[in-house]
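Below, each chain spelled out in residue letters.
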Amino acid sequence: MARFRRKSCCALIALALAVFIITVILKSLSPEDNHSGSQFALKLIPPSRQMEQDNNIVVSAKPVQMMSAEKAGRMENKMQDFPEPNYNVHAFYYVWYGNPQFNGKYVHWDHSLLPHWDPKVASGYPSGRHQPPDDIGANFYPALGPYSSRDPMVLEEHMRQLRTAAVGVLAVSWYPHSMKDDNGEEIDNLLPLVLDAADKYQLKVVFHIEPYKGRDDANMRENIKYIVERYGSHPAFYRYKTSNGKFLPLYYVYDSYLQTPDVWAQLLKPNGMSTIRNTPYDGVFIALLVEERHKKDIQTAGFDGLYTYFASNGFTYGSSHHNWRSIKTFCDYNDLVFVPSVGPGYIDTSIRPWNSQNTRNRIKGKYYETSFNAALEARPQIISITSFNEWHEGTQIEEAIPKTWGKTVYLDYLPHKPSVYLEITQKWARKFSQEQKKWLE
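Think of each chain on its own: its residues are numbered from 1, step by step along the sequence as written. Selection of residues for local features in this predicted model requires a pLDDT of at least 70, selection of side-chain atom pairs for listing and counting requires 80 or more, and totals for whole chains, interfaces and linings are taken over all residues. Water and hydrogen atoms play no part in the side-chain values, which are based on all heavy atoms of the structure.

- Looking at an unreviewed UniProt entry, one finds the chain named Glycoprotein endo-alpha-1,2-mannosidase and attributed to Carassius auratus.
- UniProt positions are given in the numbering used here, feature names are shortened, and annotations may be inferred rather than shown by experiment. Heading Subcellular location (unreviewed entry) of the UniProt record for the chain holds this comment: "Golgi apparatus membrane".

Written out as structure tokens, the structure is:
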């Protein structure tokens, strides 16, 4: 027992001695002016924001250049997960939507029910406005809900979806500075956000010029000058390589037939009073083809090409698939760019309840594939898509979800998933790229 006590005593003395020695060593390693504990202890406690600001030694911060390089590297790796964008595939894109969070009210989602031009017919249909968020001016319901085009997260998601679809160019619906459509708000001040978001995903932007009030050759020239000077230097600003090797901005001109060929000739002919030809503001101007007689008008006016826009096969001469080959022949003969417009379907009875005769059922994606196939058979330079997000006319390829509200049952993409039309677009964008390479051989 005595021997055991002696051993215990020796062990306690040795332990006490070891603790004393360690304490002396740690104290000698601590800064003389540190009265709050050792640096070893500090490393175990998360530093406060003030400590981060006051003492760069305590918190190791990477240089800004290194962080920017890492961020760029992550974005580059992210882009590798997407298919290559096809810059000959253009999607019509609308930035006129708004909600209370970003706009103080709902914009466009509350679209009015448009009356038929015949009062007798109009009297048989409802009137008024839609009342979001559950009741919106569309037959489908967006996966993002009734969003605002000013929401940066929405823009980010749209660019991701477009890039997923292998679309290369957004054709943004545009009204001149301080102008707007009947249901919306000013659009031009949104363009910097759209361009920045598009550039982040290696997408390009063209302007789809709407039929604003008083549109003529003189103010069109001023508006083109404004676009070039305001946005022309942005890396996402699209330029089309012409047959003579020039890279020029491209513009879609909606409802171009509302102005006569003589008016357009003043802008688009080299000898016109308001000509932009051979100036810094020259471009590739694409007119809307509706009726067959418009082909000659478009040529006479000095346009550089034509597009068909409407996603309702048979609705107009231009939108009828069986006419696209002959239209392309006309364009080739007259050195014009042909841009057929494909679409997944058409339904606008949420805002035009009397227009069911122009509805085109999606047939679970088959309608869209048929229109793409017809476009490829015409061998065009560009294919446009009507649309990415024109929800009022049910032509969107943007993701949609099933929704029921009261007695209202919105259409959806079932049995397919919400991204099905992005996937179909990707498939045909790739095929279009492959076919164009064969045509050039």
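There's more to say after this.
### So, the overall build of the chain
Right, on to step 1. Secondary structure follows DSSP: runs of H or I at least 4 residues long count as helices, runs of E at least 2 residues long count as strands, and numbering of each begins at the N terminus. Each helix and strand counted, the chain has 14 helices and 14 strands in total.
Right, on to step 2. For each residue, the accessible area found with a 1.4 Å probe, counting protein chains only, is set against the maximum for its type, and the residue is called buried under 20%, exposed over 50%, and partly exposed in between. The buried share of the chain, reckoned over its 441 residues, is 49%.
Right, on to step 3. For the chain, the share of sequence-separated contacts (at least 6 apart) that also reach a separation of at least 24 residues comes to 71%.
Right, on to step 4. Accessible surface computed for the chain: about 23,000 Å², of which carbon and sulfur atoms make up 55%. Should any heavy atoms of two residues lie within 4.5 Å, those residues are considered in contact. Here the Shrake-Rupley method, with its probe set to 1.4 Å, supplies the accessible areas, and only the displayed protein chains count as covering residues.

### Quick notes on helix H14 (residues 420-440)
Right, on to step 1. Each residue after the first adds 1.5 Å to the expected span of a helix. Across its 21 residues, H14 extends 31 Å between first and last C-alpha, which sits within 8% of the 30 Å expected from 1.5 Å per residue.
Right, on to step 2. Those residues of H14 not exposed but buried are Val-420, Tyr-421, Leu-422, Ile-424, Thr-425, Trp-428, Ala-429, Phe-432 and Gln-436.
Right, on to step 3. In this structure, the buried side of H14 is in contact with strand E1 (86-93), helix H7 (152-164), strand E3 (167-174), helix H13 (366-377) and strand E11 (383-385).

### A word on the environment of Ile-397
Right, on to step 1. You can see Ile-397 is positioned in the loop between E11 and strand E12 (400-401).
Right, on to step 2. Ile-397 sits 28 residues away from Thr-425 along the chain, and the two C-alpha atoms are 8.5 Å apart.

### Digging into the confidence of the model for the chain
Right, on to step 1. This prediction gives the chain a mean pLDDT of 87; 83% of its residues lie at or above 70.
Right, on to step 2. For the stretch residues 1-10, pLDDT sits under 50, and the model shows zero contacts to residues farther than four places along the chain or on other chains.
Right, on to step 3. In this model, residues 24-64 is a region of pLDDT below 50 whose contacts with residues beyond four sequence positions or in other chains number eleven contacts. On a range of 0 to 100, pLDDT expresses the predictor's confidence in each residue.

### Observations concerning helix H12 (residues 324-333)
Right, on to step 1. Within H12, burial applies to Trp-324, Ile-327, Lys-328, Phe-330 and Cys-331. Along the axis of H12, the buried positions cluster into a sector of 160 degrees, meaning they face one direction only. When the buried face of H12 is taken as reference, the exposed residues oriented beyond 90 degrees from it are Arg-325, Thr-329 and Tyr-333.
Right, on to step 2. Those residues of H12 that are buried are in contact with helix H11 (294-301), strand E8 (305-307), strand E9 (337-339), strand E10 (341-342) and H13.
Right, on to step 3. Once H12 ends, the next one or two residues include Asp-335, with phi positive near 55 degrees. Here, the arc refers to the directions that run from the helix axis to the C-beta atoms.

### Some details on the pairing of strand E7 (residues 284-288)
Right, on to step 1. The buried fraction of E7 is high, at five of five residues.
Right, on to step 2. A pair of strands counts as paired when DSSP detects no fewer than two bridges linking them. In this sheet, E7 lies alongside strand E6 (residues 247-253) in parallel orientation, the contact comprising four bridges. Bridge pairing links Tyr-252 to Ile-286 in E7.
Right, on to step 3. Whether a crossover is right-handed comes down to one check: with the strands pointing away from the viewer, does the path from the first strand over the helix to the second run clockwise; if it does, it is right-handed. Read from E6 through helix H10 (residues 261-268) to E7, the crossover connection turns out right-handed.
Right, on to step 4. Pairing between E7 and E8: three bridges, direction parallel. What sits directly across from Ile-286, in E8, is Gly-305.
Right, on to step 5. The parallel pair E7 and E8 is bridged by H11, and the resulting crossover is right-handed.

### Notes on unusual backbone geometry
The phi angle of most residues is negative, glycine excepted, and most peptide bonds adopt the trans form.
Right, on to step 1. The residue after Thr-386, namely Ser-387, is reached through a cis peptide bond having omega 10 degrees.
Right, on to step 2. Backbone geometry at Ala-166 places phi at a positive 65 degrees, although glycine is not the residue there.
Right, on to step 3. Within the secondary structure layout, Ala-166 lies in the loop between H7 and E3.
Right, on to step 4. Overall, Ala-166 belongs to the buried group, its relative accessible area being 4%.
Right, on to step 5. A positive phi angle, close to 50 degrees, is found at Asp-255, a residue other than glycine.
Right, on to step 6. Here Asp-255 lies in the loop between E6 and H10.

### Re the pairing of E3
Right, on to step 1. With eight of eight residues buried, E3 is to be regarded as a mostly interior element.
Right, on to step 2. Here six bridges tie E3 to strand E4 (residues 204-209), and the two strands are oriented parallel to one another. Paired with Trp-174 across the bridge in E4 is Ile-209.
Right, on to step 3. The parallel pair E3 and E4, bridged by helix H8 (residues 191-200), forms a crossover whose chirality is right-handed.

### So, the side chain of Asp-181
Right, on to step 1. Here Asp-181 lies in the loop between E3 and H8.
Right, on to step 2. Here the positive residues are Lys and Arg and the negative ones are Asp and Glu; neither His nor the chain ends is included. Any Lys or Arg side-chain nitrogen located within 4 Å of an Asp or Glu carboxyl oxygen qualifies as a salt bridge. Buried charged residue Asp-181 carries no salt bridge. Nearest counter-charge: Lys-180, at 8.2 Å.
Right, on to step 3. The term polar contact refers here to a pair of N or O atoms within 3.5 Å; inside protein, the definition further demands a hydrogen-donor-capable atom paired with an acceptor-capable atom, and it admits residues adjacent in sequence only when both atoms are side-chain atoms. Polar contacts involving the side chain of Asp-181 include one to the side chain of His-108, which spans 3.2 Å.
Right, on to step 4. Sequence-distant contacts of Asp-181, defined by excluding residues within four places in its chain, comprise Trp-96, His-108 and Tyr-175.

### So, the packing of aromatic side chains
Right, on to step 1. Stacked, tilted and edge-to-face pairs are distinguished by plane angle, under 30 degrees for stacked and over 60 for edge-to-face with tilted covering the rest, among Phe, Tyr and Trp rings (Trp via its six-membered ring) whose centres lie within 6.5 Å. Applying the stated criterion across every chain, the model contains 28 aromatic pairs.
Right, on to step 2. Seen from their ring centres, Phe-207 and Phe-237 are 6.2 Å apart, and the 55 degrees between their planes marks the pair as tilted. Here Phe-207 is found in strand E4, whereas its partner Phe-237 is found in the loop between helix H9 (217-231) and strand E5 (239-241), with 30 residues between them in sequence.
Right, on to step 3. Looking at Phe-207, the relative accessible area reads 1%, which means it is buried.
Right, on to step 4. The class of Phe-237 is buried, set by a relative accessible area of 7%.
Right, on to step 5. Within the aromatic cluster, the residues linked to one another by ring pairs are Phe-92, Tyr-252, Tyr-254, Tyr-307, Tyr-309, Phe-310 and Phe-315.

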